[in-house]
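The chain contents come next:
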Amino acid sequence: MSFDYDLFVIGGGSGGVRAARVAASDTGAKVGLAEESRYGGTCVIRGCVPKKLMVFASTYAPAMEQAAAYGWDVQMGGFNWSGFRRNLEGELDRLEGIYRRLLQNSGVETFDMRATVDGPHSVRLADGRVVTAKVILLATGGWPSVPDVPGAEYAITSNEIFHLEALPQRILIVGGGYIACEFAGILNGLGVQTHLWYRGEAVLRGFDKEARDVIVQGMQERGVQMHMQTNVARIEKQGAGYCVTDTKGARHDFDVVMYATGRTPKSAGLGLEALGIGLDAAGAVQVDGFSQTSVPSIYAVGDVTNRVNLTPVAIREGMAFVETALKGNPTSVDHELIPTAVFTQPEFGTIGLSEEQARAQEPIEVYATAFRPMNISFIDAPNKVLMKLVVSQKTRKILGCHIVADGAGEMIQLAGIAVKMGATKEDFDRVCAVHPTVSEELVTMKTPVRSA
């Protein structure tokens, strides 16, 4: 049987683009790709990249305050949001252009429109055309989810936060995950009076508790007003802003309300149910260890599968898919021990098990130290650092490494290599410290603070 394409990819994010261009360039496959929005997906257009640029922007005010404490004659001015937004949008346009050129130079035929699955080997484009493909790859990513409460239509999500016409004076961020906490730090750093409401008892659920406590303390000391066990009951339009009634009956006024209450796989309306492709309760496409669905010719990678929702993971899944489906070399992705950075303020880097998870698994030792770093030793600034290792008593392997500090993301990338290789506490101990640095504490902690 002949097909229009050897591979057709639905979704132009990091995973889909990598799979499409590698398939075309490495195997000579005829590849088509459809994207209904912008190339680059969540990470490049409305996630990692613009968020990190906003993190950078938000750190200059405290940096200038610290510079004054070091003797610099610094004059603080206001933040020019419109100028920053113009530069940000220009950078995103540049990056999207790179993605488009990579696809074009690899010989991938692109369609700037929505596409759905029409059969095991057919794809229906939004203009009505139906094309056939030997293999179909779903890489549609995820989308912010917003609870069904009265007035929720007035709220924005992380998709829209980058495109505000002006910064608000007061913002309410609803949620307790890493997106909510990251944007709370960003907006607070840009001078916005920032309130964070979370329905649970503590934010950053699932991460190491001791690390979470240090992060929360740092956020509050920097000025973020955090309210636990608080949720939205109703949002009402009120002049240029909004009146928000909480679940305790109190009313509050805000200029902007932002929901950061999780993301759901973007699988609705793709035609998967008609083919018998399994979706879980959250809408995630169910796949095996090789990213293959229950229909042998259809695969899925990235956030639409809701496995590990990180850009580098989606890229690895896309590469493994090409090896499996187009090169005949079945390849799975190792989803264990993935280093992760959370760009809260203070920043968090983590790999492996939390203390709580490890304790439930086996007897452990915990090595930890919290301190004020050298760069603010004589400055009145909120910047407590935490270095923590969770160690197996039996094997001495590092089960978890958790860092709360400026540059924690950079540090955890390197520490992650050792942890992934199965390093023991004694392996860390044998490494000579680099002094004076924050990270030297990872190799100088000799006595456990607790055992369990």
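Residues numbered from 1 in each chain as written. Predicted model: local features only at pLDDT ≥ 70, side-chain atom pairs only at ≥ 80, totals over all residues. Heavy atoms only, no water.

Draft legend 1. Main features of the overall build of the protein chain. Across its full length, the protein chain holds eleven helices and 22 strands. For the protein chain, whose C-alpha radius of gyration is 24 Å, the value lies close to the compact-globule estimate of 22 Å for 452 residues. In terms of principal-axis extent, the alpha carbons of the protein chain reach across some 75 × 60 × 45 Å. Residues counted as buried form 49% of the 452 residues belonging to the protein chain. Long-range contacts, defined here as pairs at least 24 residues apart, represent 63% of the contacts in the protein chain between residues at least 6 apart. (Helix = DSSP H or I, 4+ residues; strand = E, 2+ residues; numbered from the N terminus. Rg over C-alpha atoms; globule rule 2.2 N^0.38 Å. Buried < 20%, exposed > 50% of the residue type's maximum accessible area, 1.4 Å probe, protein only. Contact = heavy atoms within 4.5 Å.)

Draft legend 2. Examining the packing of aromatic side chains more closely. By the definition in use, this model includes twelve aromatic pairs. Ring centres of Tyr-5 and Phe-111 lie 6.4 Å apart, and the angle between their planes is 85 degrees; on these two criteria the pair is classed as edge-to-face. Of the two residues, Tyr-5 sits in strand S1 (residues 5–10) while Phe-111 sits in strand S3 (residues 109–111), which places them 106 residues apart along the sequence. Taking 5.5 Å as the distance between ring centres and 80 degrees as the angle between the ring planes, the aromatic pair formed by Phe-207 and Phe-348 counts as edge-to-face. (Phe/Tyr/Trp six-rings, centres within 6.5 Å; stacked < 30°, edge-to-face > 60°.)

Draft legend 3. Layout of the sheet that holds strand S13 (residues 251–254). On the basis of which strands lie adjacent, the open sheet formed by three strands has the order S11-S12-S13 and antiparallel pairing. This sheet does not close on itself; its edge strands, each paired only once, are strand S11 (232–238) and S13. In this sheet, neighbouring strand axes are inclined to one another by 25 degrees on average, regardless of whether the strands run parallel or antiparallel. Two elements, S11 and strand S12 (residues 241–246), share six bridges in a ladder whose sense is antiparallel. The partner of Val-232 across the bridge, within S12, is Asp-246. (Pairing = 2+ DSSP bridges. Axes fitted to C-alpha atoms, helices over the stretch in contact; angles between N-to-C directions.)

Draft legend 4. Looking closely at the side chain of Arg-212. Among the structural elements, Arg-212 can be located in helix H7 (residues 209–222). Summary of buried charges: Arg-212 has no salt-bridge partner, and the nearest side chain of opposite charge, Glu-356, is 5.5 Å away. In this structure the side chain of Arg-212 is engaged in a polar contact, spanning 3.3 Å, whose partner is the backbone oxygen of Val-203. (Lys, Arg positive; Asp, Glu negative; His and termini not counted. Salt bridge = Lys/Arg side-chain N within 4 Å of Asp/Glu carboxyl O. Polar contact = N/O pair within 3.5 Å; in protein donor to acceptor, adjacent residues only side chain to side chain.)

Draft legend 5. Spotlight on the nonpolar core. Residues Ile-161, Phe-183 and Leu-196 are the most contacted members of the largest nonpolar core, which totals 47 residues. Per-element accounting of this core gives the leading share, seven residues, to helix H6 (residues 178–189). Residue contacts for Leu-196: discarding those within four places in its chain leaves Ile-173, Gly-175, Ala-180, Cys-181, Ala-184, Val-203, Val-224, Gln-225, Met-226, His-227 and Met-228. Leu-7, Val-17, Leu-137 and Ala-139 belong to the second-largest nonpolar core, a separate cluster that totals 25 residues. (Core = buried A, V, L, I, M, F, W, Y, C linked by side-chain atoms within 4.5 Å.)

Draft legend 6. Structural view of the sheet that holds strand S22 (residues 450–451). The antiparallel open sheet is built from six strands, whose spatial order is S17-S18-S21-S20-S19-S22. Only two strands of the sheet have a single neighbouring strand rather than two, namely strand S17 (340–342) and S22. Relative to S22, strand S19 (residues 364–371) is paired through two bridges, and the arrangement is antiparallel. For Val-366, the partnering residue across the bridge sits in S22 and is Arg-450.

Draft legend 7. Spatial organisation of the pairing of S19. Buried residues dominate S19, accounting for six of its eight residues. The pairing of S19 with strand S20 (residues 385–392) spans eight bridges and is antiparallel. Residue Glu-365 lies in a different strand from S20, and its bridge partner there is Val-391.

Draft legend 8. Broad picture of the environment of Val-123. On the secondary structure map, Val-123 appears in strand S5 (residues 122–125). Linking Val-123 and Ile-403, residues 280 residues apart in sequence, is a C-alpha distance of 46 Å. Setting aside residues no more than four positions away along its own chain, Val-123 makes contact with Phe-8, Ile-10, Ala-115, Thr-116, Asp-118, Arg-129, Val-130, Val-131 and Ile-136.

Draft legend 9. Just the packing of helix H1 (residues 14–27) against helix H5 (residues 81–106), in detail. In the contact formed by H1 and H5, the axes pass within 8 Å of each other and the chain directions differ by 25 degrees. Compared by their axis directions, H1 and H5 come out roughly parallel. At the point where H1 passes H5, the crossing takes the left-handed sense. Residues Ser-14, Val-17, Ala-20, Arg-21, Ala-24 and Ser-25 of H1 form the contact with H5, whose own contacting residues are Tyr-99, Leu-102, Leu-103 and Ser-106. Along the lines of polarity and charge, the residues of the contact of H1 with H5 split into six nonpolar, three polar and one charged. (Parallel < 35°, antiparallel > 145°, perpendicular 65-115°, else oblique. Left-handed = near helix turned anticlockwise from the far one by under 90°. Nonpolar A, V, L, I, M, F, W, Y, C, P; charged D, E, K, R; others polar.)

Draft legend 10. Local environment of helix H10 (residues 408–420). When the terminal C-alpha atoms of H10 are compared, their 17 Å separation across 13 residues agrees well with the 18 Å that a helix rising 1.5 Å per residue should span. In the structure, H10 departs most strongly from a straight axis at Leu-414, where the bend amounts to approximately 30 degrees. Within H10 the residues assigned to the buried category are Ala-408, Gly-409, Met-411, Ile-412, Ala-415, Gly-416 and Val-419. Buried positions along H10 lie against S17, strand S18 (348–352), S20, strand S21 (398–404) and helix H11 (425–429). Taken from the residues just after H10, Gly-422 is the one with a positive phi, measuring 90 degrees. (Expected span 1.5 Å × (residues − 1). Bend = angle between axes of the 7 residues up to and from the residue.)

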